[in-house]
Amino acid sequence: MKLVTIVGARPQFIKAAAVSRVLRERHTEILVHTGQHYDPDMSDIFFEEMHIPRPDYNLGAGSGSHARQTAAMLTGIEEVLEKEKPAALLCYGDTNSTLAGALAASKLCIPVIHVEAGLRSFDMRMPEEQNRALTDRLSSLLFCPTDTAVENLRKEGIIRGVYQVGDVMCDAVRYYAQLIDAHERAYYFSRARKLFPAPDPEAWYLATIHRAENTQNAETIRRILDAFEELDLPVIFPVHPRTRCLVESVYAERGYRNIVFLHPVGYLDMLFYLKYAKKAITDSGGLQKEAYLLHTPCITVRGSTEWTETLTGAHNLLCRPEKEELLEKVLHTAPDPAAYRNHYGDGRAAEKISELIEKEELH
């Protein structure tokens, strides 16, 4: 079967690494990179270090408003679909690339396969929530990562073509974390030591902040960075390109000694920093789940999360972007190890997806 797969953002590259490796054993895959993440640090490095097949098409959509970006993707994806005439389109997650792919395929009566279907934060102000809910409505095959996601779809009246396959991110985390531990743990620790002037270079927090609600003004990011500055361990903070100018302006005012600002790093570096961090502090959906899979406690600087299972036992805590609340939750909370559950599968989600695509009648 010939499939067109849409990717455009860092989390989708990681998921594609897991799925494409299996999918191409049974099917023909045409990989389309929308260019939503166009910075080399956010895109090229993932294809190189994770051995993802190079995209057959790069649409170069770039940045811009949601409308402009989605419109550019729609035009480019439609042209690819008309040329390639695939049996189905496969898309991941909840980005503008996801929705653009689903809309373009649906308008051409091409079945849509949605990986990570059924996730809900129940906050329709979030563009990601709009994207994922609309994509689910347009999809013929909906591959859910958890039982909660299946139940969310059932409540919305979506029951046909729905499968709980586990989480493809679990496939990727297990595969690459084992590689780090088996072959390159000492190498990564030697690199980490060079980041810190601190006496204990093997202890740190990992932070990522990039969502609009936390980066739309200098005051919000200033409160977050001020909290990082007062933590008991250094904070490794890879700065998203979209956030860089704002962070630089706040840094120029304040100056920070406890924060190690980095350019975006590759997946293997990020996985290493996350696995051995004391805690993660993030507003990223993907990093919350990766932290949970690696048993790293997480503080999520958001009012809601689509990964509700991670909240059990305080393994993941929601937090407002307020200095005192951040300090309290980072420094004075601990997860309950007895409450930990494996919600995300056995690391074989990609195999199940490939088998079901072959088995299911698409329409």
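So, a few notes on the structure that sits alongside this text.

Conventions used here
- Residues numbered from 1 in each chain as written.
- Predicted model: local features only at pLDDT ≥ 70, side-chain atom pairs only at ≥ 80, totals over all residues.
- Heavy atoms only, no water.
- Helix = DSSP H or I, 4+ residues; strand = E, 2+ residues; numbered from the N terminus.
- Buried < 20%, exposed > 50% of the residue type's maximum accessible area, 1.4 Å probe, protein only.
- Polar contact = N/O pair within 3.5 Å; in protein donor to acceptor, adjacent residues only side chain to side chain.
- Contact = heavy atoms within 4.5 Å.
- 1 Å grid on protein atoms, 1.4 Å probe; cavity = no way out; pocket = protein on both sides within 12 Å on 5 of 7 lines; lining within 4 Å.
- Points joined across faces, edges and corners; volume = space filled by probe spheres on them.
- Nonpolar A, V, L, I, M, F, W, Y, C, P; charged D, E, K, R; others polar.
- Axes fitted to C-alpha atoms, helices over the stretch in contact; angles between N-to-C directions.
- Parallel < 35°, antiparallel > 145°, perpendicular 65-115°, else oblique.
- Left-handed = near helix turned anticlockwise from the far one by under 90°.
- Phe/Tyr/Trp six-rings, centres within 6.5 Å; stacked < 30°, edge-to-face > 60°.
- Pairing = 2+ DSSP bridges.

A separate point is the side chain of Glu29. For Glu29, the position within the fold is in strand E2 (residues 28-33). In this structure Glu29 comes out as buried when scored by relative accessible area, which is 5%. Among the polar contacts made by the side chain of Glu29, one reaches the side chain of Thr5 at a distance of 2.6 Å. Within polar-contact distance, the side chain of Glu29 engages the side chain of Arg24 at 2.7 Å. Beyond its immediate stretch of four places on either side in the chain, Glu29 contacts Leu3, Thr5, Ser20, Leu23, Arg24 and Asp56.

Moving on, we come to empty space enclosed by the protein. One pass over the full model with this rule turns up one cavity of 30 Å³ or more. Counted as a void, the largest cavity has a volume near 40 Å³. Around the largest cavity, the lining residues are Val115, Glu116, Phe143, Cys144, Pro145, Val165, Gly166, Asp167, Val168 and Ile353. In terms of residue class, the lining of the largest cavity is made up of seven nonpolar, one polar and two charged.

Bringing the packing of helix H11 (residues 267-275) against helix H12 (residues 285-293) into the picture now. Relative to each other, H11 and H12 sit at 55°, their axes nearing to 10 Å. As far as their axial angle goes, H12 and H11 are oblique. Here H11 runs over H12; the crossing is right-handed. Where H11 approaches H12, its residues Tyr267, Met270 and Leu274 are matched on the opposing element by Leu287, Glu290 and Ala291. Here the residues of the contact of H11 with H12 are counted per class, giving five nonpolar, no polar and one charged.

In this section: the packing of aromatic side chains. Summed over all chains, the structure comprises 15 aromatic pairs. Plain terms: the ring middles of Phe143 and Tyr163 are 6.2 Å apart, the flat faces sit at 40° to each other, and that makes the pair tilted. Taken together, the positions of Phe143 in strand E6 (residues 141-144) and Tyr163 in strand E7 (residues 162-164) put the pair 20 residues apart, joining distant regions of the chain. Judged by its relative accessible area of 1%, Phe143 falls in the buried class. Note on Tyr163: relative accessible area 25%, which makes it partly exposed. Note on Trp307 and Tyr344: the rings are 5.7 Å apart at their centroids and 75° apart in plane angle, and the pair reads as edge-to-face.

Quick look at the sheet that holds strand E4 (residues 88-92) now. In spatial order, the strands read E3-E2-E1-E4-E5-E6-E7; together these seven strands make up an open sheet with parallel pairing. Two strands bound the open sheet, and with one partner strand each, they are strand E3 (57-58) and E7. Taken together, the three bridges between E6 and E7 define a ladder with parallel strand orientation. Looking at E7, one finds that Leu142 is bridged to Val162.

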